[in-house]
Every structure is written in structure tokens, then in C-alpha cells.
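Summary of structural features
Below, each chain spelled out in residue letters.
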Amino acid sequence: MKTAESPTTTSECSPPDQWISRQPSGTRDLDFQQIRQRRSATWNAALDASVDVTEGGRPDLFLVSVDDDCPVNCSLAEHPNGTHAGWCSCEVFQATTVCPHLCVLRQHAALGDLDLPMRD
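Residues numbered from 1 in each chain as written. Predicted model: local features only at pLDDT ≥ 70, side-chain atom pairs only at ≥ 80, totals over all residues. Heavy atoms only, no water.

An unreviewed UniProt entry annotates the protein as SWIM-type domain-containing protein of Haloarcula taiwanensis.

The following block contains the structure:
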């Protein structure tokens, strides 16, 4: 039992789950397990890149720069079944729906460096 003399420590607290209902137009469902297998060049490029990730104004929005390229806007959220929904403003995503920027976000989330919201 916690009392005034034994406050809850920060490590015992976890942030509340964040849910979002909408993402940008053009958002696609993504299965990163399949992406790692079928698009390994894109996945590995994200692993080997020098990256900068800045959180945006909503829990699903990020500004991502890979290898000192111009930063792009990205949105990534997790479905309850473990797959993801993502969108990126880069040309690669627009052409193929898989890009290093979204792979970077998923990799950072897997390492615990980012908290991704859940999507309805």
C-alpha cells in the first residue's frame, strides 16, 4: 500500500494508452514482420541509417530525417492485432507504401524509444 511516506516511483508509473481515431488521408495498413522479410533492403537501410526523429503535435505524428536528408512527415499507429497503420510524405511511400522513415519509427518503437498510439 502506498502512503504519503512511500510515494509511487516513476518506474512504477506507465503512461496511459493513447488511442487515435484518424490518421492522414492515404494511410496504409502495414505488417512490419512481412516488410522485414519481403522488403529487407528497405528495413536494413533504416537500421543502418543515421536518423533524427522528432515527435509531432499528436501521438501518431513524427518528423523523420534519414541520413541527413530533408525531414519528412510521418504518421504511425498500432492496431490491436499488432499490425500498424502508417503514412509518410516521402516519394518512396507514395510509390510503394513502404519507406525507410516508417521502418525507422517501427524500429525505435520496438526498442522502447517511441510510444506509438493505438488505432481504433
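For the protein, the helix and strand inventory stands at four helices and seven strands. In sequence order, the secondary structure elements of the protein are arranged as β-β-α-α-β-β-β-β-α-α-β. Looking at the protein residue by residue over its 120 residues, the buried ones come to 35%. Expressed as a percentage of contacts within the protein between residues at least 6 apart in sequence, the contacts between residues at least 24 apart total 59%. A total accessible area of about 7,500 Å² is found for the protein, and carbon and sulfur atoms account for 47% of it. (Helix = DSSP H or I, 4+ residues; strand = E, 2+ residues; numbered from the N terminus. Buried < 20%, exposed > 50% of the residue type's maximum accessible area, 1.4 Å probe, protein only. Contact = heavy atoms within 4.5 Å. Areas by Shrake-Rupley, 256 points an atom, 1.4 Å probe, with all protein chains shown as cover.)

Glancing now at the packing of aromatic side chains. Throughout the structure, instances matching the rule amount to one aromatic pair. Both rings, one in Phe32 and one in Trp43, keep their centres 6.1 Å apart while their planes meet at 50 degrees; by these two values the pair is tilted. Of this pair, Phe32 sits in helix α1 (residues 32-38) while Trp43 sits in helix α2 (residues 40-48), and the two are eleven residues apart along the sequence. An identical accessibility class is assigned to Phe32 and Trp43; each is buried. (Phe/Tyr/Trp six-rings, centres within 6.5 Å; stacked < 30°, edge-to-face > 60°.)

This part takes up the pattern of salt bridges. This structure, assessed with the given rule, holds one salt bridge. Of the charged contacts, one joins Arg58 and Asp60 as a salt bridge, the two residues approaching to 2.7 Å between their closest N and O atoms. Residue Arg58 is classed as partly exposed on the basis of its relative accessible area of 35%. Taking the relative accessible area as the measure of exposure, Asp60 reaches 0% and is therefore buried. (Salt bridge = Lys/Arg side-chain N within 4 Å of Asp/Glu carboxyl O.)

Within the largest apolar cluster, 25 residues are counted, with the highest numbers of intra-cluster contacts made by Phe32, Cys88, Leu102 and Leu105. Every element with two or more residues in this core is listed here: α1, α2, β4 (61-66), β5 (72-78), β6 (84-88) and α4 (100-110). Take this core: its biggest share by element is five residues, from α4. Those residues in contact with Leu105 that lie beyond four places of it in its chain are Val53, Phe62, Val64, Cys74, Leu76 and Leu114. (Core = buried A, V, L, I, M, F, W, Y, C linked by side-chain atoms within 4.5 Å.)

The backbone phi angle of Asp67 is positive, close to 50 degrees, even though this residue is not glycine. By relative accessible area, which is 45% here, Asp67 ends up partly exposed.

What follows concerns the packing of α2 against α4. Direction vectors running N to C along α2 and α4 enclose 65 degrees, while the axes themselves pass 8 Å from each other. The two elements α2 and α4 meet at a crossing, and its hand is right-handed. Of the residues in α4, those touching α2 at Thr42, Trp43, Ala46 and Leu47 are Pro100, Cys103, Val104, Arg106 and Gln107. In terms of residue class, the contact of α2 with α4 is built from six nonpolar, two polar and one charged. (Axes fitted to C-alpha atoms, helices over the stretch in contact; angles between N-to-C directions. Left-handed = near helix turned anticlockwise from the far one by under 90°. Nonpolar A, V, L, I, M, F, W, Y, C, P; charged D, E, K, R; others polar.)

A large share of α4 lies buried, amounting to eight of its eleven residues. The positive-phi residue at the C-terminal boundary of α4 is Gly112, with phi of around 85 degrees.

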